[in-house]
Every structure is written in structure tokens, then in C-alpha cells.
Protein chains: 2
Amino acid sequence: MLAKSLGVHRNTVVAAYEELVTQGWLVTHPAQGTFVANDLPAELISALASSKPPGDKRDGAFATIYVTDGTADARLIPHAELGRAFRHALAAPAFLAGGGYGNPQGSSVLRGALAEYLAINRGVAASKEEILVTRGSQMALYVAGRALLSAGDAIAVEDPGYPLAWSAFKAAGTHLVGIPVDEHGIVVERLAEAAANLPNLKAVYVTPHHQYPTTVTMSSERRAALLALCLQRGLTIVEDDYDHEFHFDGQPVLPLAGQYGGKVNVVYIGSLSKLLSPGLRLGYVVCRSSPQMQAMVESCSIIDRQGDVPVEHAVATLVADGDLRRHTLKARLIYRARRSLLAQEIRGALGPRVEFDLPSGGLALWLRLGGADDRLWAKRAKGIGLSIAEGSRCFIHPDSAANAFRFGFASLDEAEIRRATKLLAASQPQDK
Amino acid sequence: MLAKSLGVHRNTVVAAYEELVTQGWLVTHPAQGTFVANDLPAELISALASSKPPGDKRDGAFATIYVTDGTADARLIPHAELGRAFRHALAAPAFLAGGGYGNPQGSSVLRGALAEYLAINRGVAASKEEILVTRGSQMALYVAGRALLSAGDAIAVEDPGYPLAWSAFKAAGTHLVGIPVDEHGIVVERLAEAAANLPNLKAVYVTPHHQYPTTVTMSSERRAALLALCLQRGLTIVEDDYDHEFHFDGQPVLPLAGQYGGKVNVVYIGSLSKLLSPGLRLGYVVCRSSPQMQAMVESCSIIDRQGDVPVEHAVATLVADGDLRRHTLKARLIYRARRSLLAQEIRGALGPRVEFDLPSGGLALWLRLGGADDRLWAKRAKGIGLSIAEGSRCFIHPDSAANAFRFGFASLDEAEIRRATKLLAASQPQDK
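Residues numbered from 1 in each chain as written. Chains lettered and ligands numbered in written order. Predicted model: local features only at pLDDT ≥ 70, side-chain atom pairs only at ≥ 80, totals over all residues. Heavy atoms only, no water.

Structural notes on the overall build of chain A
Put simply, the rule reads: Here a helix means four or more residues in a row that DSSP labels H or I, a strand means two or more in a row labelled E, and each is numbered from the N terminus. Radius of gyration: over C-alpha atoms. The globule rule applied is 2.2 Å multiplied by the number of residues raised to the 0.38 power. Exposed residues in this analysis have more than 50% of their type's maximum accessible area, buried residues have under 20%, and partly exposed residues fall in between, with area computed by a 1.4 Å probe over protein chains only. Any two residues whose heavy atoms approach within 4.5 Å at even a single point are treated as in contact. Using a 1.4 Å probe, the Shrake-Rupley method yields the accessible areas, and only the shown protein chains count as cover for residues. His is not counted, nor are the chain ends, whereas Lys and Arg count as positive and Asp and Glu as negative. Positions of charges follow a simple convention, taking NZ of Lys, CZ of Arg, CG of Asp or CD of Glu.
Broken down by element type, chain A carries 16 helices and 14 strands. Over its C-alpha atoms chain A spans a radius of gyration of 24 Å, differing by no more than 12% from the 22 Å that the globule rule assigns to 432 residues. Expressed as lengths along the three principal axes of its C-alpha atoms, the size of chain A is roughly 70 × 65 × 40 Å. A burial count over chain A gives 55% of its 432 residues as buried. In chain A, the proportion of contacts linking residues at least 24 apart, taken out of those at least 6 apart, comes to 70%. Put simply, chain A shows about 17,700 Å² of open surface, and 54% of that area lies on carbon and sulfur atoms. Here chain A contributes 44 positively and 43 negatively charged side chains, and the mean placements of these two sets differ by 2 Å.

See below:
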């Protein structure tokens, strides 16, 4: 009834009730109903009383701002088109026929759309048979780790790097070998030393376009050196190009997977979740080795049998109709402006204490905190309504870590960026 | 243009073109277009010429009928409601806020809806915190295997049983111990012998409601004996209740997970894909052990970070609004009629050669082939347009297998059931 009288969806009302119960304003008595709590939480009332005036609701005591590690803004995606495409997909023969089973490698129509998209937009030529659709890029990393590596093998990874990729590789029973990163990307000489010393080193995982977490773009010299080394040593490259489209200065750098054809085995991983929202699960792997592709498909089918057919078809429609490209062009302009705004706000609010290099692409700034403890800082920030992940989690040995934050700017609008920066400045730890 | 002039979706036209290319009627010349093939496939023309008259298009030479192992009919699901719920979910704060990240345990709103649904419909009392949402029940099996068992542990499984569950457990490095099944379900005395002899036996995987593949419902004596043995030996029960709602004769038997509370550790697995369509990926696990639940959530986040938020919210709306319950009631009547029809058609077309017991629930018949080779039979069936999986894949040692088919009736309409039965009869191997 409340939903009807407010003209909102039932779930919205349910969610609002749940939040009020969680916060302590309401209590639920089974089989009686939901009532205003007798015992209202005193600290919340005093916090409310001292909070900012109404009007800017994000200034309220409870509207925690979530700083991501660099996700897209789901508020910008083409909702109407996606909703319509999903409705069509539910009525499509591919979903209705054959008992509803799908291909564990992913819908043919989505793999076809991706093949065309990758060839045109990224110079990566791959047939449908060389593309595997996964739920998100996390599953791509997980099945690639299992297909490329055996228990006891080692894989070189960037350090600092992407901890969720490490977890995926470790789950396959492999050892991680951390290789340092400088302003040109992974330090290939150090990788060469590791390859010379470790006979069980089979692969290297890199994020060359916008290194995770430092945002550095790998230089062309470094790319050439990396490819030459991997060719010489027979190392497979796992290339994670998670936010390819969001390059702001100059042309995007083309993937390693596109340049050297069959000479080096480059397994290429991408994500549609990064273009749309992490809540929409679609990633993919390009792999030219047919036995490795077979192993990955089998791994996928053991883990999850097949993907979600309507979601795959709906997104295929977005790709084929050009809606994804139009969305990306629009979002890129917005994200570029947010990058500039965040850089300006950080400089203004934190001055020389916090250093960063303006990245030529990607959806985050890598803030070096000049010795301030990121764990302490993140904890203090949380206390005043700012959620941000500690940068030290991106180091293999967090205790030896440079203190840093990876501050995603794309998912926040202008007001949120301003507010988040203020909260970050307000929560900085005192000098010792 | 063709899509527009026919008034169909672009993907439909693309799919039609693809199929015509695959069949050899059309050829694609890159950068020129698609043309009628010069070299039309002769065998297809002759097959067409000799096929049934138009009108019954499923009688055509190419309309292979897919017999599943017992999936729902995606043509019956509430498409309009689901499409609308998905569109709402795309605009919901849970999807738009917080950078789009979701909870790796699954959306709170879906876990809440499931908790209520399981309590009311199945007598399984579980809090939201005791429920994990997975993509399909396959992922539920995969993460349960990893969380409950260590490499080198053994798990007892029904033999014949569900081979995809075996793959999931084996991926965790465990050993399978096959336990026979009779007309009352798993033979508990044989499980007791295994437990006495194998100190590394930690768990047993069962499908008590409608045993996979034999469709047998476990008797109450057997249930009591199983629970007593597992309590005595400290075995965890993994209960897969994959098609609970589709019980036709009498009341559904309540899950083991509901009857014995905290005494035996019963990890309960269910699937929403079985209620709707395997192309829609949603399964879940109920687990009362908090450390085991934590391990499963962590495993999920390494494999796939989180679920698809709009899909989870859309289906939660279907559950909360009663659409899922209404759909289930409607589908149950239809499936019941299809069960009777298939039984009658099999008796008519195959007579005493093929034996089966009419199951009290589930979406398949288990056909025993009286010594005929199911692999040969399936191959011959495929040649005349009937796809059905060999029953011997459900045995741990396929060579010692009783020859059988698991024939899913729910995903086929009346005409398809009649046609499939005719094709099955027409393809039976000759007696030696």
C-alpha cells in the first residue's frame, strides 16, 4: 500500500524498511508488524542533529560515500535499451528452445558480436571459437589460471597488482612471483631474472593498458621487451585489459594480444561489467590455443554449467545495435571530466602531502600518501562516512608496502567527488 | 531492413542467416555480403524432398528434438513479469548505488525472499545469513565441495547419480565413493560399510526427493537411517533438492535439511533455474555452519566476485509478488499431464522392451532398456533428429552400467512428446 501511495516499486519500500530496521529506527515483531522503536538510538539522533542542513542529502550522517577501485557509473548505462533487449531475449528462440540449455562457451550471438567489436575497436582478431564468455572477468581469471597452470607451477604478477587475480591463480595451486612495476610498467629485466631462476615459471599476468593499481600505461619499449622475453622463454602472457575503452589522452594503446599474432601465446581477458556496471556480470577470454580453450570451457561447465542466456543476448543486442559504443563515447567524456575534477580537488584539499600522476586512462587515481598509514586513514575515513579500500592490499607483502589509495572517480558524480575529497582530507591521520 | 519489413527483432534475422550459412544454403563473402550458395547441399535437398508435408514444421528434416534430462519449459515462464521486474531492477538503488558492487553472498532482497519461500513452502527455516546465492546450482555444488572437503577427502555419492556433481567434487581434489541405489533410494547399509572402512569419508551427496537419475523418492525409513548414520559418523549431508516443487502424487516430501535442525550438518542446495529455465542462472545453498558459509562466500568471490544484481533483484520480485508460486502451480499441472502422456506413448511405441516406474515427482522418466545399448541407440536417434543423452553417463563405471535413458518430459509439448517417442522407437537398435 505504501508503495502504491508513493508511486514507487514494492522493493524500494521493502529496502527502506530494512534499512530503518538495520539502523535501529524500527523494530519488527513477527506476526504483528513493524513499529517505531521504543528505544531510539541516541548516537544517531545526536549525529543527525549536528549534521548538515537538508537539501544536500549526501551530506546526511548516514549517506556513506563508497569510493570504488575504479568501476563505471551504473547510473549512466542505457537502462531503457538494456531493459528492452532483456525482454526481447526472454522471448527469443535461443532461450525458449532446446530445453533452455545454453552453450558453456557462451551464446553464439554474443561471441559473434564480441568478435566484431574486438576486431574493430581493439585490433584483436579472434573467431567466435576463440572467445569464451564468462560471468565477470573474475571467472575469466579463475578458469584461465586452471587451464594454463598446474598445481606447483609459478605465475609472475605485477607487484603492486590486482589481488583478486592473485586469489584466482592461487586457487589453482600455483605460486605467485611478484615483479616490481615502475613508471613504464612491469620491470621486464626482473621478470627475465625470475624466468632464468625458476624453471616452473609458466606465465606472466599483466595489465599493460592501465596498470592495476598504479594506472601506468606500459611503454612501447617495455612491451617489445616483454614479448621478446616471453617468446624466448615460452611464457604465456595473461593480458587483463579491464578498462580498455576509457583512455583519455591520445589513442588507446592496442592490446599485446593484437600485435604479435601467433608468436607469443597471449590469453586476453576483458570485461563488459567494466563498461556498464560490476553488478552486470559479463567478461570474456580470447585464447588462440584450442586445447587451452577446451580446458577453459570444461572448467566453466564444471563451475557453472553455462551463462545466463537472457543477459548474454541482451548485451549482445546492445553491442550489435551500437548502444554500447554510444554509451562508451558518452561515458568517456563524463569520466574524463571527473578525472580532472578529482585531481583538482585532491590537490586543493590535500596539497603536497598526497602525490599522484594524472593517468592517461582508466577510472582511478593512484594516490601516494607520503608515509601516512593507509589502513589507519581508511579506518578514520569510514568513521565519518567515506568507504575506501586500503592500497596496501595491492602489495604481495603488505607490511613492506608504500602507503597508497586507489581512488576510483568514475562512479561518483561531481558533488560526490567534492564531498569524498573533503572527507578524505578531514580523516587524514595526524603526523607522528 | 529485413527485420523491419518482417516486424521481427534484428537478432532473429541474424540467427536465421547464421543457421542458413551453417546449413550450407548461404555463403558469406567478407566485405561483399551474403549470397545464396552456388553449391547447394545435395543431401539436404533430397532430405527436404522426402520429408513430411508442411504444416507440422517439427516433422521437417532439420528440427532436431532435444530431450533434456529434466528441465523446465522456458516457454511457460512469466516473461512479461520477469521482463518488467528486470527493467525495475536496472533502475533500483541497489544496482545504481555504491559503484554497482554487490554482495558476494547474493542480494539481501533475494536472500530474504528465499528465506521466506523456503520456510513456507519447504519447512526449511534459515536466516538470510544462512543462504548463499549462486549463479546456478552447479556453482552451489562447486563451492560446497571446496568448502566442505579438502583434497584427499572422500565423498559418498549415489551410483547411478548426477555426473555434474561428481565433476564439481572431483575439481576439489576429492575421491568419489559410489553407493548403490534401490527402489527406496540410497542403500544406507552400503554407506555404513564405506564409512566404517574409509576414515577420510567426510560427506554424502544425495538427491532424496527425486533421485537423479532414477527418479526414486527416498523412503522415510531410509531417511531416518541415513540421518542416524550421518549423526553417528559425523558425516555432512549435501542434499540436492533440485526440483522440489514438481511433485505430482501426494504432498512433496520435506527436505532432510528441515527435519533434524542442528543435529546433522545438512547443506541444502536448490535451484531457481529448475523452476524457470536452465538459461536463467540462479541457485542457492543453505548452510547453518557459519565457518562453512564463510568459506563458500569466499570461494564465490574468488570465482566470480558477485552475482548479477539485476537478475537477482528481478527474480526476488517474482518470488515476493507471488509470480513464482503462481507459475509453479500452473507448470505443475502441465508437467503432470506431460508425464502421463509420455508414459502412455512409451508404452504404446516400445511395449515391454522398455521398463520404467512412473515417478511420483520430478521432470523425467528413467527408462530401462532391457539390455539394448543406450550409446548405440542415442547415436541412431541423433541420425534421425532426436537428441537424447546416454543414461550410462550416470554410472561411475559406465561399462558395467545398466543401459538406460533419462527422458525429460517437461520441456516438450504434446506434439513434441509424441514425435520424440516415435523417433525413439524408430531408432531402437536391432536385437543381436
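There's more to say after this.
Focus on helix 10 (residues 220-233) of chain B
Residues and elements named next belong to chain B. Defined as follows: Working rule for helices: expected span equals 1.5 Å times residues minus one. Read the arc as the range of directions from the helix axis to the C-beta atoms.
Helix length check: helix 10 (14 residues) gives 20 Å between terminal C-alpha atoms against 20 Å at 1.5 Å per residue, within 8%. Within helix 10 the residues assigned to the buried category are R222, R223, L226, L227, L229 and C230. Seen along its axis, helix 10 keeps its buried residues to an arc of 165°; they face one direction. Exposed residues on helix 10 whose side chains face more than 90 degrees from its buried face are S220, E221 and Q232.

Quick notes on the interface of chain B and chain A
Going by this rule: Put simply, buried area is the surface a 1.4 Å probe can reach on two separate parts but cannot reach once they are joined, added for both. Salt bridge, as applied in this entry: a Lys or Arg side-chain nitrogen positioned within 4 Å of an Asp or Glu carboxyl oxygen. In protein, a polar contact means a hydrogen-donor-capable atom and an acceptor-capable atom, both N or O and within 3.5 Å, with residues adjacent in sequence counting only if both atoms are side-chain atoms; elsewhere, any N or O pair within 3.5 Å suffices. Three classes are used, and their members are as follows: Ala, Val, Leu, Ile, Met, Phe, Trp, Tyr, Cys and Pro are nonpolar, Asp, Glu, Lys and Arg are charged, and the others, Gly among them, are polar.
At the interface, 61 residues of chain B touch 60 residues of chain A. Taking both partners together, chain B and chain A bury about 5,000 Å²; carbon and sulfur atoms supply 61% of that area. Three residues stand out in chain B for area buried against chain A, namely R281(B), I302(B) and R305(B), and they jointly supply 11% of the buried area on that side. Summed over the shared surface of chain B and chain A, the result is two salt bridges. Between D304(A) and R281(B) there is a salt bridge, with the nearest N and O atoms lying 3.4 Å from each other. Our count for the contact surface shared by chain B and chain A stands at 22 residue pairs in polar contact (both at pLDDT 80 or more). Looking at the side of chain B that touches chain A, the elements that each hand over two or more residues are helix 2 (10-23), helix 4 (79-90), helix 5 (93-96), helix 6 (108-122), helix 7 (137-148), helix 8 (163-171), helix 12 (290-304) and helix 13 (309-320) of chain B. Sort the elements by how many residues they give to the side of chain B that touches chain A and helix 4 of chain B lands first, with seven residues. A per-class count over the side of chain B that touches chain A returns 25 nonpolar, 22 polar and 14 charged.

Overview of the domain arrangement of chain A
Put simply, an interface is often sized by how much accessible area is lost when its parts join up. Residues and elements named next belong to chain A. Note the threshold: Delimitation of the domains relies on an automatic or database domain assignment.
Looking at chain A, the domain boundaries give domain 1 (2-49), domain 2 (65-78 + 325-426) and domain 3 (80-321). Contacts between domain 2 and domain 3 engage 32 residues on the former and 35 residues on the latter. Taken over both partners, the interface formed by domain 2 and domain 3 buries close to 2,800 Å², and the fraction arising from carbon and sulfur atoms is 58%. Between the two partners, domain 2 and domain 3, sit two salt bridges. With a closest N to O distance of 3.0 Å, R339 and D249 form a salt bridge. One can count 20 residue pairs in polar contact (both at pLDDT 80 or more) joining domain 2 with domain 3. At the level of secondary structure, the elements contributing two or more residues to the side of domain 2 that touches domain 3 comprise helix 14 (323-350) and strand 12 (364-368). No other element matches helix 14, which puts nine residues into the side of domain 2 that touches domain 3. Class assignment of the residues belonging to the side of domain 2 that touches domain 3 gives a composition of 15 nonpolar, seven polar and ten charged.

Description of the sheet that holds strand 9 (residues 236-240) of chain A
Residue and element names in this part refer to chain A. The cut-off we apply is this: Should DSSP find at least two bridges between two strands, the strands are regarded as paired. The angle between two axes is taken between their N-to-C directions and runs from 0 to 180 degrees, where each axis is a line fitted to C-alpha atoms and a helix contributes only its stretch in contact.
Ordered by their spatial adjacency, eight strands build an open sheet running 4-11-10-9-8-5-6-7, and the pairing between neighbours is mixed. Edge positions in the sheet fall to strand 4 (131-134) and strand 7 (185-186), since each has one partner strand and no second. In this structure, strand 8 (residues 201-206) lies alongside strand 9, joined through four bridges in parallel fashion. Bridge pairing in strand 9 places Y205 opposite V238. Running at roughly 20° to strand 4, helix 12 (residues 290-304) makes contact with strand 4, strand 10 (266-271) and strand 11 (283-286) of the sheet.

Points about the pattern of salt bridges
A complete count under the given rule lists 34 salt bridges over all chains for this structure. Between R75(B) and E416(B) there is a salt bridge, with the nearest N and O atoms lying 2.9 Å from each other. Taken together, the residues R75(B) in the loop between strand 3 (65-66) and helix 4 and E416(B) in helix 16 (residues 414-426) connect sequence positions 341 residues apart. On the basis of relative accessible area, R75(B) is assigned to the partly exposed category, the value being 30%. Across the pair R418(B) and E414(B) runs a salt bridge whose closest N-O atoms are separated by 3.7 Å. Placement of the pair is R418(B) and E414(B) together in helix 16, with a separation of four residues, close to one helical turn. The class of R418(B) is partly exposed, set by a relative accessible area of 34%. Through salt bridges that share partners, D73(A), R75(A), R338(A), D413(A) and E416(A) make up one connected network.

Points about unusual backbone geometry
Geometrically, the link from D159(B) to P160(B) is a cis peptide bond, its omega value of 10° lying close to zero. Here Y212(B) and P213(B) are connected by a cis peptide whose omega angle stands at 5°. Mapped onto the secondary structure, P213(B) falls in the loop between strand 8 (201-206) and helix 10. Of note, the phi angle at T215(A) is positive, near 75°, even though the residue is not glycine. Turning to its location among the elements, T215(A) is positioned in the loop between strand 8 and helix 10 (220-233). The phi torsion at R305(A) lies on the positive side, around 60°, for a residue other than glycine.

Digging into the environment of V187(B)
Residues and elements named next belong to chain B. Tracing the chain through its elements places V187 in the loop between strand 7 (185-186) and helix 9 (188-197). We classify V187 as buried; its relative accessible area is 13%. Here the alpha-carbon distance between V187 and A168, two residues 19 residues apart in the chain, equals 23 Å. Sequence-distant contacts of V187, defined by excluding residues within four places in its chain, comprise I179, P180, V181, D182 and R222.

Quick word on the side chain of E345(B)
Residues and elements named next belong to chain B. Summarising the element assignment, E345 is placed in helix 14 (residues 323-350). Residue E345 is classed as buried on the basis of its relative accessible area of 19%. Those residues in contact with E345 that lie beyond four places of it in its chain are I417, R418 and T421.

Thoughts on the relation of the copies chain B and chain A
The second copy of the chain is related to the first by a rotation about an axis and a shift along the axis. Rules: The copies were overlaid by least squares, fitting only the C-alpha atoms of residues that reach a pLDDT of 70 or more in each copy.
It takes a turn of 180° to lay chain B on chain A, together with a shift of 0.0 Å along the axis; the resulting RMSD is 0.1 Å. What the rotation and shift describe, once combined, is the action of a two-fold rotation axis.

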